[in-house]
Amino acid sequence: MGRLSTLFSPDRVAVVGATDSDGAVGRAITENLQASFAGDIVAVNPYKESVLGLHCHDTVADVEADIDVAVIVVPPDVAVDSIREAGEAGIENVVVITAGFGETGAEGAAREKDLRETAAEYDLNLVGPNSLGIMSTPTGLNATFGNEMATSGGISFMSQSGAFVTAVLDWAAERDVGFKDIVSLGNKAILDERDFIDEWGTDPDTDVILGYLEDIEDGAGFVQTAREVTQDTPIVLVKSGRTDAGASAAASHTGAMAGSEAAYEAGLEQSGAIRVETVQELFDYAQILADQPLPEGKDVAIVTNAGGPGVMTTDAVGDSGLELADLGDDTVERLAETMPDEANIYNPVDIIGDAPAARFEAALETVMSDDNVAMAVVVACPTAVLSFEELAEVVVDCQREYDIPVATTLMGGQSVGPAASTLTESGIPNYFDPARAVDSLDALARYDDIQSREYTDPETFDVDRERARDILQSAADRNQNRLGVEAMDLLDAYGIPTPEGDVVDSPSEAQSVAESIGGEVVMKIVSPDILHKSDIGGVEVGVSPEDVWDTYEDLVVRARNYQQDATILGVQVQEMLDVDAGTETILGVNRDPQFGPLVLFGLGGIFVEVLEDTTLRVAPVSEPDARSMLDDIESAPLLRGARGRDPVDEDALVETIQRLSQLVTEFPAIVELDINPLVATNDGVAAIDLRLTLDQEEL
């Protein structure tokens, strides 16, 4: 166990604000502790001699014995003083039930600032404030003001909503869902989600970590911590508060597509946590992850006595990441010998409606012994010849013998009860809806993939940081926060290939640069005030050397006509590449408040906003993560030679993703950045256009 072990397994708990007043939170917490806690309970209240049979102390300092946890239930205006007294008394763990802090406005925010400073001064493990409290079933600890004590089990659960905890406990009590530890996070002033997943990840009695989160304080830190934990312990989360707010204010393609919700999707995926949408999924996944072995593959066999539900289950497999198992010839032959002539002996195996438990047993033994079968779903409807209780015993015996994951769908009502209990006691989940059974097995397969992921440290390339810093500082000195192709040297400094060329501020210089390049060139207006150059005729492609002078003047005139007061830095004269010979991609960055820099990759050019075929990773991006980004996009076949195209240099793309990731990690001043297009060919990549937004205060 880690540093929070005494928080969940204390010998002595003090309730600061204990009272016997009816309806008071201090009374509810004291009574809950008295009802089940195996350790000592200390009441602290200077205005009472005793509370509910407990002698009252004026302060925690008056208690001679060591206190492991102090639960603070006093009014908010004295709560910080109580926390300080706890720190001075040497108490390491504090649970602040009291509300009236950051959630209530300016005065509460100031109070919460004092709370943080006090907790930091005494190095306290502080839960809350504005928390329902904590529970731990091994010691009977119920330091909450909820009305339900959790049932014992292997799930540890954190929630940013106290009300959600009480609802979940009430819901779980009817379904025999058991918990190890529970914490209501409250305002997360000190301890947050990272602290608890780190603690439970080292707890041998926690099989699965569940969470209901409304936000994540430190996204990058969460990704790192969760990655380590999920190698041994699955994490399943509900993340509420889906929104696209803020995306409309973004200045780049990447910023528009990497809004808050997309950041959470990317961050949680990278972390190894499994994100779900509903409470039902949360506990479906938790139960099967806690009780069933991981599959050795994604191939599912279905055994049923009902054609329609069998088809429904097959459809659910098609909607999931699983596949129907291709039964071996020996399996099919054995089924043909043991099943009725009317049975379907191919997957899904339909042993028809008059099947007793013995026929299910014969079919399951045959199917589950097939090396092509990684997991099984048993779907049964009630009939006069089938005992669900006998079927449950058959399924339990088969699962134990063949040790592959099994989920059942016993489609009935009252008749299912005893059988469902038999299955649950043996760790086999049962559902009325076959789609839930398949989804739960899919969660097992997803977690198996998560455990097998390769995590490596991001590569650090040899780059010219000082040159990059000078480029950014020069822009800041000009009071510019939006840069375009005039900052292409920034990419050169980090080893990202760009076409030959330069930004010039006169027709004669344009002519000189074009002559040094040789052949036709591309010319673009350079202005921080004109973001979409092609929309205003600010780009000319295939300009011959003799037309460079006139084209320079035309581009400047068009820019002035579009926006009279626009700042014109000049014109970029650039080597013309054969874009049609390659694939236009986009590589970009948006800095998220929680997760930091997000790296985006996808199909680029003029189609980026239409198709939005992109994928995201939280920076810094390692080589395996960068390579997986190429696999993620739907247009990946275009990179690999589809429709007669030349395959691109994937290694060059992967390296460029990593180099850009390093750039934005080392320079937090870069808020948004687009390389669009980044042209990929079989000979490498080239960044054709650049746009970035700068936060000068971060330089």
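Please refer to the structure placed before this passage.
Residues numbered from 1 in each chain as written. Predicted model: local features only at pLDDT ≥ 70, side-chain atom pairs only at ≥ 80, totals over all residues. Heavy atoms only, no water.

### Some words on the packing of helix 14 (residues 388-402) against helix 15 (residues 417-425)
The line we're drawing: Fitting a line to C-alpha atoms yields each axis, with helices limited to the stretch in contact; the angle taken between N-to-C directions then spans 0 to 180 degrees. Secondary structure elements follow DSSP: runs of H or I of four or more residues count as helices, runs of E of two or more count as strands, with numbering from the N terminus. Note on terminology: angles under 35 degrees are roughly parallel, angles over 145 are roughly antiparallel, angles of 65 to 115 are roughly perpendicular, and the others are oblique. With the far helix as reference, a near helix turned anticlockwise by less than a right angle produces a left-handed crossing, and one turned clockwise produces a right-handed crossing. By definition in these notes, contact holds between two residues if any of their heavy atoms fall within 4.5 Å.
Closest axis-to-axis distance for the helix 14/helix 15 pair is 8 Å, and the angle between their directions is 15°. When the interaxial angle is binned, helix 14 and helix 15 end up roughly parallel. Judged by the twist between their axes, the crossing of helix 14 over helix 15 is right-handed. Where helix 14 abuts helix 15, its residues Phe388, Glu389, Ala392, Glu393, Val395 and Val396 lie against Pro418, Ala419, Thr422 and Leu423.

### Thoughts on helix 9 (residues 260-271)
At 3.6 residues per turn, the α-helix brings residues three or four places apart onto the same side. Inclusion rule: A helix's residues, less one, multiplied by 1.5 Å, set its expected span. The cut-offs for exposure are 20% and 50% of the maximum accessible area for each residue type, with area from a 1.4 Å probe on protein chains only; residues under the lower value are buried, those over the upper are exposed, and the others partly exposed.
Spanning 12 residues, helix 9 covers 16 Å between terminal C-alpha atoms, matching the ideal 16 Å at 1.5 Å per step. Taken residue by residue, helix 9 has Glu261, Ala263, Tyr264, Ala266, Gly267, Leu268, Gln270 and Ser271 as its buried positions. Taken from the residues just after helix 9, glycine 272 is the one with a positive phi, measuring 90°.

### Some thoughts on the sheet that holds strand 24 (residues 570-575)
Short version of the rule: Strands pair, by our definition, only if DSSP identifies at least two bridges between them.
Reading across the sheet, the four strands line up as 21-24-22-23 and stay open at both edges, with antiparallel pairing between neighbours. With partners counted over all chains shown, the strands left at the sheet margins are strand 21 (501-504) and strand 23 (539-543), one partner each. On average, each strand axis in the sheet is tilted by 20° relative to the strand beside it, whichever way the strands run. Of the pairings in the sheet, the one linking strand 21 to strand 24 comprises four bridges and is antiparallel in character. Within the sheet, the bridge partner assigned to valine 503 lies in strand 24 and is glutamine 572. Contacts from helix 20 (residues 548-562) reach strand 21, strand 22 (521-526), strand 23 and strand 24 within the one sheet, and its direction differs from that of strand 22 by about 30°.

### Focus on unusual backbone geometry
In this structure, the amide linkage connecting glycine 128 to the following residue, proline 129, adopts the cis form with an omega of 0°. When you line up the elements, proline 129 lands in the loop between strand 7 (125-127) and strand 8 (133-136). The residue leucine 52 is not glycine, and still its phi comes out positive at about 55°. With respect to the helices and strands, leucine 52 occurs in the loop between strand 3 (50-51) and strand 4 (54-57). Despite not being glycine, asparagine 130 shows a phi value in the positive range, around 60°. Tracing the backbone through its elements, the reader meets asparagine 130 in the loop between strand 7 and strand 8.

### Focus on the side chain of threonine 225
Relative to the assigned elements, threonine 225 resides in helix 7 (residues 219-229). Each residue touching threonine 225, except ones within four places of it in the same chain, is listed here: Arg194, Ile197 and Asp198.

### Regarding the pairing of strand 1 (residues 12-16)
Our working rule: Crossovers are described as right-handed under a simple rule: with the strands pointing away from the observer, the path leading from the first strand over the helix to the second runs clockwise.
Most of strand 1 sits inside the fold, with five of its five residues counted as buried. Residues of strand 1 alternate between two faces, with Arg12, Ala14 and Val16 on one and Val13 and Val15 on the opposite face, all of them buried. Here strand 1 pairs with strand 2 (residues 40-44) via five bridges, running parallel. What sits directly across from arginine 12, in strand 2, is aspartate 40. A crossover connection joins strand 1 to the parallel strand 2 through helix 2 (residues 25-36); in handedness this β-α-β unit is right-handed. Bridge count for strand 1 against strand 5 (residues 69-72) is four bridges, and the pairing is parallel.

### Digging into the environment of glutamate 520
Mapped onto the elements of the fold, glutamate 520 is located in the loop between helix 19 (507-517) and strand 22. The spacing of glutamate 520 and aspartate 547 is 27 residues in sequence and 9.5 Å in space, taken between C-alpha atoms. Apart from the residues within four sequence positions on either side, glutamate 520 is in contact with Gly542, Val543, Ser544 and Met576.

### A short note on the sheet that holds strand 3
Across a sheet, strands are paired by hydrogen bonds formed along the backbone, either parallel or antiparallel in direction. Spatially, seven strands are ordered 3-4-2-1-5-6-7 in an open sheet, and the strand pairing comes out mixed. Whereas interior strands pair on both sides, the edge strands pair on one side only; in this sheet they are strand 3 and strand 7.

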